[in-house]
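The residues making up each chain are set out below.
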Amino acid sequence: MSTPGSRCNDKVAKQNGDPGDHLSVFTNAQTPASSAETRLMVAFKKDTHTGKAYLAGREYYSEEGKTFELRLVQKIKQQQSADPTSRPGYPSSLGVREFTRRATEVALGKSSRAVVEDRVLGVQTPGFTAAVRLGAELLRHWYAVRAVWCGPVYLSAPCHESLPGIFQAAGIQDIREYYFWDHKQRGICLEKLLEDLTKAPEQSVVVLSASVHFPTGAALSQNQWAQIANVIMRRRLFPFFLLPPQALCYGDLEQGVWPVRYCAAQGMELLCAQSFSHCFGLYGEAVGHLLCVLKQKSLLLPMESQADQIVRLLWAQPSAGGARVVATVLSNPAHLVEWKEEVKCIVERCMLIREILRERLRLLGTPGCWDHLTQQGGLYCFTGLNGEQVDFLKKRRHVYLLPDGCLNV
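Residues numbered from 1 in each chain as written. Predicted model: local features only at pLDDT ≥ 70, side-chain atom pairs only at ≥ 80, totals over all residues. Heavy atoms only, no water.

Asks: Please provide a residue-by-residue account of the pattern of salt bridges, values included.
Replies: Using the criterion set out here, one finds 20 salt bridges in the structure. Close ionic contact of Glu338 with Lys75 constitutes a salt bridge, the shortest N to O distance being 3.5 Å. Taken together, the residues span a long stretch of sequence, with Glu338 in helix α15 (residues 333-363) and Lys75 in helix α3 (residues 71-81) at a distance of 263 residues. Given the relative accessible area of 28%, Glu338 is considered partly exposed. With its nearest N and O atoms 2.7 Å apart, the salt bridge here joins Arg102 to Glu98. Remark: Glu98 and Arg102 occur in helix α4 (residues 97-108); sequence separation between them is four residues, near one turn of the helix. Among the residues examined, Arg102 registers a relative accessible area of 13% and is labelled buried. The network of salt bridges with shared partners includes Glu98, Arg101, Arg102 and Glu105. (Salt bridge = Lys/Arg side-chain N within 4 Å of Asp/Glu carboxyl O. Helix = DSSP H or I, 4+ residues; strand = E, 2+ residues; numbered from the N terminus. Buried < 20%, exposed > 50% of the residue type's maximum accessible area, 1.4 Å probe, protein only.)

Structure (structure tokens):
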């Protein structure tokens, strides 16, 4: 039985052909270049050699080659899942309040002047990358009073390949570099770093690794940080700190956040992106946090409203499970002691692996000095190998490192 308009539809079908043959609206979509990590993983999966090794992962692995879950975290998850009073529900767009409070205290300390004066905003994010993205969005909306600010943003050379894209996705296209790592000396070149920051235009944003630097694993001393802070204040720059491997560099929460606390104590405004995924083994739950230290309390409500609006457009609200685990640990002194002991074991094992690697290279008579391996910290190690050497390891020894020679110890 024909339906009204069926003849018209048949006519259109005859003129235009089978609707199934129509071109997709995505036909001309271009495939973006894949990241170095993605290409490396594809090559690793295609490799059929039984002794292949992938050393470019982001997670911490146990001696059995499995992602490590802290015993304390397992215990708290079991307790929370068995709690009869627990009810599912969406958290606030800005996150679990107790988590943001504890994450802020971790970065600044309870007695911080900024905390006491109530001019600090904390926002829970679905992971570290989201914290950086939110910070970039806030900068674009709020940095200039009379005009939309769009850069420049200074990133370290080298830096993680995703960082430029995060800021560009937020509408900030003016991305520049400052000198950080000297490949010949295999260490930080503070003189050139300070020189580049001194030349940066006023109101530039400087992205800094607060703990050890990724991907080099190198760390600045407190004296070096003081020099950098002096240039930032003198040139009226804006610091944006990164804390992705929180506590996994020194085994101590406070030591890794010293630069953040120092700059806040000097009265600077700043942003700080934190990650609690690595140090709590919450890889699949992506627990991040963005900290905003403001000049005065009157700016807090407008900044909070702007953050709320951006979050609702990007991800609506973060998940609550992982954040509640972190908040439970940080708010309980007994849990905190137990957690610190487990993290300390992870840090000590990473350092032992570095020492074994350096000694093995020495015994093999490998040319050059490898002391930089043990002078670095955290999960990542900048070997100093060039692209040709990395390619040799991949093709001839089936050992996979990132093209810059970075590996996860």
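Asks: Now, about α4: what can you tell me, with residues and values included?
Replies: Note: α-helices contain 3.6 residues per turn, so residues at a spacing of three or four share the same orientation. Between its terminal C-alpha atoms α4 stretches 17 Å, which fits the 16 Å expected from 12 residues at 1.5 Å a residue. Burial analysis of α4 places nine of its 12 residues in the buried class, the great majority of the element. Within α4, burial applies to Phe99, Thr100, Arg102, Ala103, Thr104, Glu105, Val106, Ala107 and Leu108. One or two steps after α4, the chain reaches Gly109, where phi turns positive at roughly 90°. (Expected span 1.5 Å × (residues − 1).)

Asks: Could you give an account of the state of the cysteines, naming the residues involved and the relevant values?
Replies: Throughout the structure, instances matching the rule amount to zero disulfides. Lacking any disulfide linkage, Cys369 is separated from the closest cysteine sulfur, that of Cys381, by 13 Å. (Disulfide = S-S within 2.5 Å.)

Asks: Describe the environment of Gln203, and please don't skip the residues or the numbers.
Replies: Structurally, Gln203 is set in the loop between α8 (190-199) and β7 (205-209). Separated by 36 residues in sequence, Gln203 and Pro239 place their C-alpha atoms 9.8 Å apart.

Asks: Any details on the pairing of strand β10 (residues 288-293)? Residues and values, ideally.
Replies: Counting buried positions along β10 yields six of six residues, so the element is predominantly enclosed. Burial along β10 is two-sided: the residues Gly288, Leu290 and Cys292 and His289, Leu291 and Val293 are all buried. Relative to β10, strand β2 (residues 120-125) is paired through six bridges, and the arrangement is antiparallel. Among the inter-strand pairings, Val123 is bridged to a residue of β10, identified as Leu290. Bridge count between strand β9 (residues 270-275) and β10: six bridges; the pairing is antiparallel. Within β10, the residue paired with Ala273 across the bridge is Leu290. (Pairing = 2+ DSSP bridges.)

Asks: Describe the sheet that holds strand β4 (residues 175-179), with residues and values.
Replies: Across the sheet, which stays open at both edges, the seven strands sit in the order β2-β10-β9-β8-β7-β3-β4 with mixed pairing between neighbours. Edge positions in the sheet fall to β2 and β4, since each of these pairs with one other strand and no more. Strand-to-strand twist in this sheet, taken as the mean axis angle between neighbours without regard to direction, amounts to 25°. Each of β2, β9 and β10 touches α4; the most contacted strand, β10, lies at about 65° to it. Against the sheet, α8 contacts β4 and β7, and its axis sits at roughly 145° relative to β4. (Axes fitted to C-alpha atoms, helices over the stretch in contact; angles between N-to-C directions. Contact = heavy atoms within 4.5 Å.)

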